[in-house]
Amino acid sequence: MTPIRDTYLPYGRQWIDQDDIQAVVNVLKGDFLTTGPFISIFEQEFASYVGSKFAVSFSNGTAALHAACFAAGIDEGDEVITTPVTFAASANCILYQRGIPVFADIDKKTYNIDPFDIEKKITDKTKAIIPVDFTGQPANLRDILTIAKKHNLVVIEDAAHALGATYQGKRIGSVSDMTMFSFHPVKHITAGEGGIITTNNKDYYEKLLQFRTHGITRDPEKLINNDEVPWYYEMHFLGYNYRMTDIQAALATSQLKKLDHFLHLRKKYVSMYNREFQNINAITLPFEHERGSSSWHLYIIRLELEQLTGTRKDVYNALLAENIGVNVHYIPVYYLPYYQKLGYPRGLCPEAEKLYEQIVTLPLFPAMTEKDVLDVVNAVKKVINRYSKT
Ligand SMILES: Cc1ncc(COP(=O)(O)O)c(C=O)c1O
């Protein structure tokens, strides 16, 4: 049988145009490839977009999460609560600081971390919460911030999926104590690799800056010894080289100018999917909570398997055979062999585990065309029809 498409459509990819290329070429022709002026230009423009006081850029989003855990004071044996329905980096950053990831279950409607389960998992060792705005939909930040205040916890929001999303009228990036964004090519804007933390807290801001450059400072107000030589600097703690380059920053700044257009297209394609799939009983569509607007990083369908003769794997493989680049986001973090060796039992978060059995991610990115969206729609309808019990 001929597939719906004769070329493969990935689930996500970057959009790069001539402006982006020129921005990078300008840096390459200039004096600074790194530690130059493009870093703070990007940070200021980004902070202004999300509405935060400060923004500190990093080589990637994972480094940014690590830095946020450091700034929050996570140390050996501290517990940090996060969701298993995320990329490994949301929990790995806790381990980098020798902390202990504690997984709380998800809300079955929004797929985001459930504040009730967070509260159940708090102990006297809990120091922070890392909610993830999964697929671009803000987590239940109102309840999470209330819990954090009550128990004196830091909220590090993993908004790798949520650039441009809003929560109760505020842009994501201006709500939590610290918020992380990623600029990996499948994300809303790209820097090749890149990440950023936004915050309104000056103390966190200064720690983040020093952490990303080896723990070194030249700030005269911070120096411990008063050596007057002009080349003097001090290292105060063990930091890392987690800096973004000027090449990355110039690309990200150029991309930021197009973000609203990218968001518009993502939303448009989501409306097309929703409209086309709304009457298919074997599919549960993504849910958007009224307190926030999603930035639609991912479009995930949930298969109602009791209505199908095939498994999720059958549906996945059949869509791949139609040249639709499906994916699964995510294998629960504690299923990964490294976490299994650390002793996390299966059954820890039943809703997350149930969700994992049923989900398929469909292609969604601004550089796709309406024709691409319709190809996906036709492929999904064809495959669901094939496996439908009715
Ligand atoms: C939810 C989530 N957190 C963290 C990361 C890590 O970001 P990066 O790939 O920029 O290191 C990613 C993305 O890859 C992600 O999707």
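Scroll up for the structure.
Caption draft 1: Structural detail: the overall build of the protein. Helix and strand counts for the protein stand at 13 helices and 15 strands. What you see for the protein is a C-alpha radius of gyration of 22 Å, in line with the 21 Å of a compact globule of 390 residues. Along the longest, intermediate and shortest principal axes, the C-alpha atoms of the protein span 80 × 55 × 40 Å. Per element, the accessible surface of the protein, about 17,400 Å² overall, is 52% carbon and sulfur.

Caption draft 2: The arrangement of the side chain of Asp117 in detail. Mapping Asp117 onto the fold places it in helix α5 (residues 115-121). If we ignore the near neighbours within four places in the chain, the residues touching Asp117 are Ala104 and Asp105.

Caption draft 3: Quick look at the site of the ligand. Close to the ligand lie 16 residues, the nearest being Gly61, Thr62, Asp158, Ser182 and Lys187. The side chain of Ser182 places a nitrogen or oxygen atom 2.8 Å from an oxygen atom of the ligand. The protein chains hide 92% of the 390 Å² of surface that the ligand would expose on its own. For the shell around the ligand, the secondary structure elements donating two or more residues are α3 (61-71), α4 (89-96) and β8 (178-182). When grouped by side-chain class, the residues that make up the shell around the ligand number six nonpolar, eight polar and two charged.

Caption draft 4: Quick peek at unusual backbone geometry. Cis geometry marks the peptide bond from His329 to Tyr330, where omega comes out at 0°. For Tyr330, the location among the structural elements is in the loop between α10 (312-321) and α11 (337-342). Look at Thr35: it is not a glycine, yet its phi comes out positive at around 50°. Among the secondary structure elements, Thr35 is positioned in the loop between α1 (18-29) and α2 (38-50). Even without glycine at this site, Gln168 takes up a positive phi of about 45°. Mapped onto the elements of the fold, Gln168 is located in the loop between β6 (166-167) and β7 (170-171). With a relative accessible area of 47%, Gln168 lands in the partly exposed category.

Caption draft 5: Looking closely at empty space enclosed by the protein. Taken as a whole and judged by the stated rule, the model has two cavities of 30 Å³ or more. Quantified by volume, the largest cavity comes out at close to 60 Å³. Lining the largest cavity are Lys109, Thr110, Tyr111, Phe134, Thr135, Gln137, Pro286, Phe287 and Trp296. Along the lines of polarity and charge, the residues of the lining of the largest cavity split into five nonpolar, three polar and one charged. Split by domain, the residues of the lining of the largest cavity number at least three in each of domain 1 (18-256) and domain 2 (259-387). Taken as a whole, the second largest cavity holds about 50 Å³ of empty space. Among the residues forming the lining of the second largest cavity, the class breakdown is five nonpolar, four polar and three charged. Both of domain 1 (18-256) and domain 2 (259-387) provide at least three residues apiece to the lining of the second largest cavity.

Caption draft 6: Quick peek at the packing of α3 against α4. Where α3 meets α4, the axes come as close as 8 Å, and the angle between the chain directions of the two elements is 45°. Comparing the axis directions of α3 and α4 gives the class oblique. Relative to α4, the crossing made by α3 is right-handed. Of α4, the residues touching α3 (which contributes Thr62, Leu65, His66 and Cys69) are Ala89, Ser90, Cys93, Ile94 and Tyr96. Along the lines of polarity and charge, the residues of the contact of α3 with α4 split into six nonpolar, three polar and no charged.

Calculation notes
In this numbering scheme, every chain counts its residues from 1 along its sequence in written order. In keeping with the predicted nature of the model, local features appear solely for residues at pLDDT of at least 70, side-chain atom pairs appear and are counted solely at 80 or more, and the whole-chain, interface and lining totals rest on all residues. Processing note: side-chain calculations cover all non-hydrogen atoms of the structure and skip hydrogens and water entirely. In this text, helices come from DSSP runs of H or I with a minimum length of four residues, and strands from runs of E with a minimum of two, each type numbered from the N-terminal end. Here the globule rule reads 2.2 Å times residues to the power 0.38, and the radius of gyration is calculated from C-alpha atoms. Accessible surface area values rest on a Shrake-Rupley calculation with a 1.4 Å probe, where residue burial reflects the displayed protein chains alone. Working rule for contacts: check all heavy atoms of both residues, and any pair within 4.5 Å makes them a contact. For this description, a residue counts as near a given molecule or strand if any of its non-hydrogen atoms is within 4 Å of it. Any pair of N or O atoms that falls within 3.5 Å is considered a polar contact. Within protein, one atom must be able to donate a hydrogen and the other to accept it, and sequence-neighbouring residues count only if both atoms are side-chain atoms. Only Asp, Glu, Lys and Arg are considered charged in this grouping, and only Ala, Val, Leu, Ile, Met, Phe, Trp, Tyr, Cys and Pro are considered nonpolar; every other residue, Gly among them, is considered polar. In this scheme, a residue with accessible area under 20% of its type's maximum is buried, one over 50% is exposed, and one in between is partly exposed, where area comes from a 1.4 Å probe on protein chains only. Put simply, the grid is 1 Å and covers the protein atoms alone, a cavity is a trapped set of points that fit a 1.4 Å probe, a pocket is an open set with protein on both sides within 12 Å along at least five of seven lines, and lining residues have an atom within 4 Å of a point. Grid points are joined across faces, edges and corners, and a volume is the space filled by probe spheres set on the points. All the domain ranges listed were derived from an automatic or database domain assignment. Lines fitted to C-alpha atoms define the axes, with helix axes restricted to the stretch in contact, and inter-axis angles between N-to-C directions lie between 0 and 180 degrees. In these notes the angle categories are as follows: under 35 degrees is roughly parallel, over 145 is roughly antiparallel, 65 to 115 is roughly perpendicular, and the rest is oblique. A clockwise turn of the near helix away from the far one marks a right-handed crossing, whereas an anticlockwise turn of less than a right angle marks a left-handed crossing.

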